[in-house]
Amino acid sequence: MELHCYKRIGIRSLFLIALVLFTLTGLKTRFSLAEEYSGTFYVAVNGNDDNPGSAELPFASLERARDAIRSERLLGKTGVFCVQLAPGKYVRTEPFELSDADSHTRYIGVEGETILSAGREISGWEVVTAEQKKDFPNADGEIWRAELPIVDGVPLFFEQMFVNEERAVRSRFPNEGFLRPDSVWEEFSMDASTRRSDKKSTPQEIRAKQGDLDELHLEEIPAAELRFSQFVIHHHWDTTRRILLGYDKASNTLKAQGSPMKSWNPWRNTSMYYLENLRSSFDVPGEWFYAGAEGCVYYRPKPGEKLETASFIVPISGVNRMVIVAGTPTSSLEESKSTKDIRFEKIKFAHTDAPRRDYMMKASELDVSITGDLTKPGPSQFEPAQSAAFTTAVITVDNSERVVLQDCEIAHIGEYGLWFQNCRDCAAINTNFIDLGAGAVRIGGGALDLRNKIENCVMTQGGRFFASATGVWIGQNTEEIAILHNDINDFYYTGVSVGWVWGYQGGHAFCNRIEFNKIWKIGQGQMSDMGGVYTLGTSTGTRVCNNVIFDVSSYAYGGWGLYPDEGSEGILFENNLVYDTTDGSFHQHYGKDNIVRNNILARSNINPANAGKEPHQLAITRVEEHLSCTFESNIIYWKEGVALGYNADNAKAIYSKNLWFNAGGEATFSGKSHDEWVKETGKDSDGMVADPLFVDPDANDFRLKPGSPAEKIGFVPFDYSQAGVVE
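Because the structure is a prediction, the values reported are computed rather than measured.

Looking at the overall build of the protein
Right, so step 1: Of regular secondary structure, the protein possesses nine helices and 65 strands.
Right, so step 2: Here the C-alpha radius of gyration of the protein, 27 Å, is about what a compact globule of 727 residues would show, namely 27 Å.
Right, so step 3: Seen through its principal axes, the protein has C-alpha atoms that stretch 80 × 75 × 55 Å.
Right, so step 4: Looking at the protein residue by residue over its 727 residues, the buried ones come to 61%.
Right, so step 5: Taking the contacts inside the protein whose residues are at least 6 apart along the sequence as the reference set, 76% of them involve residues at least 24 apart.
Right, so step 6: For the protein, the exposed surface amounts to about 27,500 Å²; the carbon and sulfur share of it is 50%.
Right, so step 7: Distance between charge centroids for the protein: 3 Å, based on 72 positive and 99 negative side chains.

The following block contains the structure:
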C-alpha cells in the first residue's frame, strides 16, 4: 500500500494554486536574490532616535526604524524596505513587535556581530576573603562574589547565568547524574479514572535513600536561604520542578507542595532527581550560587577565567520573547495573511528568561514567605508537561506568511527559539539554535500551519532548563511542514515530535516531511519514552525518510529511534539509518497503516536500567484488529538480544522481504529460528537471515559491500551521508 498526500475538501482553493511556483522555487532561492529597496534605514548602538536614520546619523532602536517605515507607507510608498543593524549589542527589555503594517520589510545585521540581547551584566565582582570562604566548606579554590542590584525594591532574581557566553551550572547535587528516591508520597492524589483532583495543591515528599543527602546538611540551612533552592525530578517523559520547603533528617525526606501528580505519569521510586542552588553543593569550578538572603551571587571560576575579563550575563526578568510578529486572524483558512514577507538576516538573539508562570505558582498555594510577591520575579515551580508545552519562544510568529529567519543564531535562551503558529510559507534557513532552555522550534497548535520549513539548521544543547523539551515540535493542524537537512543533537527528550493528538481522534498533521536530518545524542539517559523521531495521531501522507538517527538512550525504557506513538496513522518510514538505541530501533505503541520500508536498523543495545532483559530490534505494543504496519525490505542488524519485542509477533502486521542478522549469535524470533517463525506465523516468508556485508559496522560504516544479499530482498541502497546540514 502506498501513501498519498491527504487533500482537504473545500479548504484548498485557487489561492494555494497561485502559490505553487513559490513552493517549487523554495524560500532559499527566493530570498537569495538581490533585492531593490524602496528605502533603507540604519540602526546603531550609538545612534539616536532623533536622527534621520541615515547611514551617517542612524537611529538607536528598532522601534524607531519600524515607525519610520510605517510613516513612509502612509505617504504612499510601496515595495520592500530594509533596516540595517550595525554591529553591537542591542539590549531588549521588551519584545520588538511587528504587525500588518510591517509587511515587506528586511532586518539585516552583520553576521556574528549584531546581537539582540535580553540580558544584563552583573558587575562588581571581587574575590571572597578567607573569612567569607568559611561559609563554603565544600568549595576549594577561588570564589568570586557580586552584590545583586536592587530592581523594583528587591534584589535582582534569576535562575540562569551565562559566563563568557556559556551557560554556567547553578550549584547542583549531585554534580553529575541523578539520585533515585527510596519512595515518593503526596497527600491528595489525582483520580486516575477522571484525571482530576479535588485539591489544587498537595504536600509532596521524596524520601531519599539512606546516606544520599547526608553531606548536604540540609537540616542546617535556614528557611530564608532554602526558599531559593529546588529539586527537579525526571519521571519518564516529564520533569517537575519544586521549591524545597524543608528537610526531615529523621526520615530523610525532602518536602514540597504543588499540583497533584499526573495519574498517568506520577513520580516513582524509579524516577530520578537532583537538587539545585544549595550552598553545600557549591563545590566545583563553573558553578554559581544565588544567595538571595544575603543579596549576592557567588561563582567558582574555571581554569583560565580571569576576574578582570570575565563577563556575567543574566536574563532580564520576565523577557522570554524578543520578537513578536502578530498578524490579524483571517476569517477563513485559505485567505491570505495580512502580515507577510518579513525577513530577519544575520542577527543573533540571546539571553532570554524562563520566568515562573503565575497560574502555576497560584495553583501551588505556597505561602508568600516562600514565593515572595508573585507580581515580581522569584523562585520558580513548574508542573510537568510533555515537550515543555507551556513554554513560549524567543521569536513568535502568528497569523503570518513568508516570515523568514536566515543566517541567524538563537543562543543562551530560557525557552524555545522559534514558534510559527497559524502561518504559511514561513521558514528558518541556515540558522543555529544553541544552548536552549527548552527546544529549538515549534510549529502549529493553531487553526492551520501550512508549508512552513526548517532547513539546514543546527539545533544543539537543548533542554537545559526544561529537559522534557523537543528539538522540533510539530503540533496539531499542520500540513506540508518540511524539516530538512538539519543537525539535531544533544537533547534530553525527543529529537523531532510530529502530531499532538493521542489515539484515533481525528488528528490533523498531514503530509509533513521529516527528511535528511541527522539526529543524535538524544535522551542521554535522562528521560524515557521518547524517540529520535516521535509521532502522534492521524498523520496521513507524512514522510519520515532519509534520516540518520543514533545514540538514543533512556533511563528506564523507550530510547527508540523511530517511535510512532498513540494512534500514529498513515506514515511512511523509509531510507532511514538508525543505530545504537536502547529498547529498539523502531517501536510502534499503536497505530494504523504505517509503512516501514528500506531502512537500516542496527544495534539496539541493552538498557542498563533493564538489567537481565534482552534488547529487541523492533517492537509493536498493542495488538489491534486493523493492520498496524507493513514492515518490508529492511535490514535489521544486531549483536545482542532478539529480533522482536513486546507484541510485534502477535500484532496484525505484514512482514515481507526483510534481511535479519545477529552478528553476536543466532537470530531468534520469539524464541524460534526464522524458518520456524515463518512456518508458524506465515510472516516474512520471502525474508532471510544472512550477513548484509556492511563495509565496517563496528565503525558505523553501513555501506554495502559487493555481493550483499540485500539485493535479494529488494533493498535499494541509499546515500545516508546526505543527511544533516549541507555545507
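Things to note about the environment of serine 229
Right, so step 1: Take serine 229: it is sitting in the loop between helix H6 (223–226) and strand S18 (230–235).
Right, so step 2: A relative accessible area of 1% places serine 229 in the buried class.
Right, so step 3: For the pair serine 229 and leucine 245, spaced 16 residues apart in sequence, the C-alpha to C-alpha distance is 8.6 Å.
Right, so step 4: Look past the residues within four positions of serine 229 in its chain and what remains in contact with it is Arg242, Ile243, Leu244, Glu276, Asn277 and Leu278.
Right, so step 5: For serine 229, the side chain forms a polar contact with the main-chain oxygen of asparagine 277, separated by 2.7 Å.

Here's the deal with the pattern of salt bridges
Right, so step 1: Applying the stated criterion across every chain yields a total of 37 salt bridges.
Right, so step 2: Among the ionic pairs, glutamate 225 bridges to arginine 279, the shortest N-O distance being 2.8 Å. One end of the pair, glutamate 225, is in helix H6; the other, arginine 279, is in the loop between strand S22 (272–276) and strand S23 (287–291), and 54 residues separate them in sequence.
Right, so step 3: Since its relative accessible area comes to 13%, arginine 279 is described here as buried.

Let's talk about the sheet that holds S18
Right, so step 1: The strand order across the open sheet built from four strands is S15-S22-S18-S19, with neighbouring strands paired in antiparallel fashion. Each edge of the sheet is formed by a strand with only one pairing partner; in this case those strands are strand S15 (172–173) and strand S19 (238–243).

Details of helix H4 (residues 62–74)
Right, so step 1: An ideal rise of 1.5 Å per residue puts 18 Å on 13 residues; H4 measures up with 19 Å between its terminal C-alpha atoms.
Right, so step 2: Those residues of H4 not exposed but buried are Leu62, Glu63, Ala65, Arg66, Ala68, Ile69 and Glu72.
Right, so step 3: Buried positions along H4 lie against strand S1 (39–43), strand S2 (81–85), strand S4 (96–98), strand S5 (105–108) and strand S6 (114–117).
Right, so step 4: Positive backbone phi, approximately 105°, marks glycine 76, located one or two places after H4.

Considerations on the side chain of asparagine 634
Right, so step 1: Mapped onto the fold, asparagine 634 is located in the loop between strand S58 (629–632) and strand S59 (635–638).
Right, so step 2: Relative accessible area serves as the criterion here: at 0%, asparagine 634 is assigned to the buried category.
Right, so step 3: A distance of 2.9 Å separates a polar side-chain atom of asparagine 634 from the backbone nitrogen of asparagine 599.
Right, so step 4: Excluding its chain neighbours within four sequence positions, the residues that come into contact with asparagine 634 are Val596, Arg597, Asn598, Asn599, Lys657, Asn658, Leu659 and Ile713.

Section: a negative patch on the surface
Right, so step 1: A contiguous patch of negative charge on the surface is contributed by Asp214, Glu215, Glu219 and Glu220.
Right, so step 2: Relative to the elements of secondary structure, glutamate 219 occurs in the loop between strand S17 (202–208) and H6.

Looking at the sheet that holds strand S36 (residues 449–450)
Right, so step 1: Judged by pairing direction, the sheet is parallel, and its three strands sit side by side in the order S36-S40-S44 without closing on themselves. The strands lining the two open edges of the sheet, one partner per strand, are S36 and strand S44 (509–510).

Some points on the packing of aromatic side chains
Right, so step 1: Summed over all chains, the structure comprises 47 aromatic pairs.
Right, so step 2: Aromatic pair phenylalanine 228 and tyrosine 290: ring centres 5.3 Å apart, planes at 65°, arrangement edge-to-face. Taken together, the residues phenylalanine 228 in the loop between H6 and S18 and tyrosine 290 in strand S23 connect sequence positions 62 residues apart.
Right, so step 3: For tyrosine 290, a relative accessible area of 2% puts it in the buried group.
Right, so step 4: Consider the rings of tryptophan 660 and tryptophan 677, whose centres lie 6.1 Å apart with planes at 85°: the pair is edge-to-face. Here tryptophan 677 lies in helix H9 (residues 674–681) and tryptophan 660 lies in strand S62 (residues 659–662), a separation of 17 residues in the sequence.
Right, so step 5: Tryptophan 660 sits in the buried class, given a relative accessible area of 0%.
Right, so step 6: For tryptophan 677, a relative accessible area of 0% puts it in the buried group.
Right, so step 7: An aromatic cluster is defined as three or more aromatic residues linked by ring pairs; in this entry it consists of Trp520, Phe550, Tyr579, Tyr637, Phe661, Phe694 and Phe702.
Right, so step 8: Above the ring of tyrosine 274, the side-chain terminus of arginine 172 is found at 4.0 Å from the ring centroid.

Side note on unusual backbone geometry
Right, so step 1: Here phenylalanine 173 and proline 174 are connected by a cis peptide whose omega angle stands at -5°.
Right, so step 2: Its location among the elements puts proline 174 in the loop between S15 and strand S16 (181–186).
Right, so step 3: Positive phi, normally seen in glycine, also occurs at asparagine 164, with a value near 50°.
Right, so step 4: Of note, asparagine 164 is situated in the loop between strand S12 (162–163) and strand S13 (166–167).

Some points on H9
Right, so step 1: Taken residue by residue, H9 has His674, Trp677 and Val678 as its buried positions. One side of H9 carries all its buried residues, which in axial view fall inside an arc of 100°. Residues of H9 that are exposed and angled more than 90 degrees away from the buried face: Asp675, Lys679 and Glu680.
Right, so step 2: For H9, the elements touching its buried residues are strand S60 (642–646), strand S61 (653–656), S62 and strand S63 (688–689).
Right, so step 3: Trailing H9 by a residue or two, glycine 682 shows a phi angle of about 80°, which is positive.

Some points on the environment of glycine 439
Right, so step 1: Inspection of the secondary structure puts glycine 439 in the loop between strand S34 (432–436) and strand S35 (441–443).
Right, so step 2: Once the C-alpha coordinates of glycine 439 and proline 615 are considered, the two residues, 176 residues apart in sequence, prove to be 29 Å apart.

Points about the nonpolar core
Right, so step 1: Core analysis: the largest hydrophobic core is formed by 95 residues, its most contacted members being Tyr107, Phe344, Phe349, Phe433, Ile454, Tyr655 and Trp660.
Right, so step 2: In terms of residue count, H4 provides more of this core than any other element does, four residues in total.
Right, so step 3: Apart from residues lying up to four places away in sequence, isoleucine 454 is in contact with Leu418, Phe420, Ala428, Val441, Ile443, Met459, Ala482, Ile483, Leu484 and Asn486.

What about the side chain of glutamate 159?
Right, so step 1: When you line up the elements, glutamate 159 lands in the loop between strand S11 (154–155) and S12.
Right, so step 2: Salt bridges are absent for the buried glutamate 159, whose nearest opposite-charge side chain, arginine 241, sits at 4.0 Å.
Right, so step 3: At 2.8 Å, the side chain of glutamate 159 forms a polar contact with the side chain of glutamine 230.
Right, so step 4: Not counting residues up to four positions away in its chain, the partners in contact with glutamate 159 are Arg170, Gln230, Arg241, Trp288, Gly378, Pro379, Ser380 and Phe465.

Digging into the confidence of the model for the protein
When pLDDT drops low, the exact placement of atoms in the prediction is not to be read closely.
Right, so step 1: Summary statistics for the protein give a mean pLDDT of 93 and a share of 95% for residues scoring 70 or more.
Right, so step 2: Confidence drops under a pLDDT of 50 for residues 6–33, and excluding neighbours within four residues, the segment shows 47 contacts in the predicted structure.

Comments concerning the pairing of S23
Right, so step 1: The element S23 is largely enclosed, with a buried count of five among its five residues.
Right, so step 2: Taking every second residue as pointing to the same face, both faces of S23 are buried, with Glu287, Phe289 and Ala291 on one and Trp288 and Tyr290 on the other.
Right, so step 3: Sheet topology note: the strand S14 (residues 169–170)/S23 ladder contains two bridges and is parallel. Across the sheet, residue arginine 170 finds its bridge partner in S23, namely tryptophan 288.
Right, so step 4: Two elements, S23 and strand S24 (residues 296–299), share four bridges in a ladder whose sense is antiparallel. Within S24, the residue paired with alanine 291 across the bridge is cysteine 296.
Right, so step 5: Hairpin remark: S23 followed by S24, antiparallel, with four residues in the connecting loop; positive phi at glycine 295, about 75°.

Criteria and thresholds
- Residues numbered from 1 in each chain as written.
- Predicted model: local features only at pLDDT ≥ 70, side-chain atom pairs only at ≥ 80, totals over all residues.
- Heavy atoms only, no water.
- Helix = DSSP H or I, 4+ residues; strand = E, 2+ residues; numbered from the N terminus.
- Rg over C-alpha atoms; globule rule 2.2 N^0.38 Å.
- Buried < 20%, exposed > 50% of the residue type's maximum accessible area, 1.4 Å probe, protein only.
- Contact = heavy atoms within 4.5 Å.
- Areas by Shrake-Rupley, 256 points an atom, 1.4 Å probe, with all protein chains shown as cover.
- Lys, Arg positive; Asp, Glu negative; His and termini not counted.
- Charge placed at Lys NZ, Arg CZ, Asp CG, Glu CD.
- Polar contact = N/O pair within 3.5 Å; in protein donor to acceptor, adjacent residues only side chain to side chain.
- Salt bridge = Lys/Arg side-chain N within 4 Å of Asp/Glu carboxyl O.
- Pairing = 2+ DSSP bridges.
- Expected span 1.5 Å × (residues − 1).
- Patch = residues over 30% accessible without salt bridge, like charges linked within 9 Å, V, L, I, M, F, W, Y side chains within 5 Å.
- Phe/Tyr/Trp six-rings, centres within 6.5 Å; stacked < 30°, edge-to-face > 60°.
- Lys NZ or Arg CZ within 6 Å of the ring centre and 35° of its normal.
- Arc of directions from axis to C-beta.
- Core = buried A, V, L, I, M, F, W, Y, C linked by side-chain atoms within 4.5 Å.
- pLDDT = per-residue confidence, 0-100.

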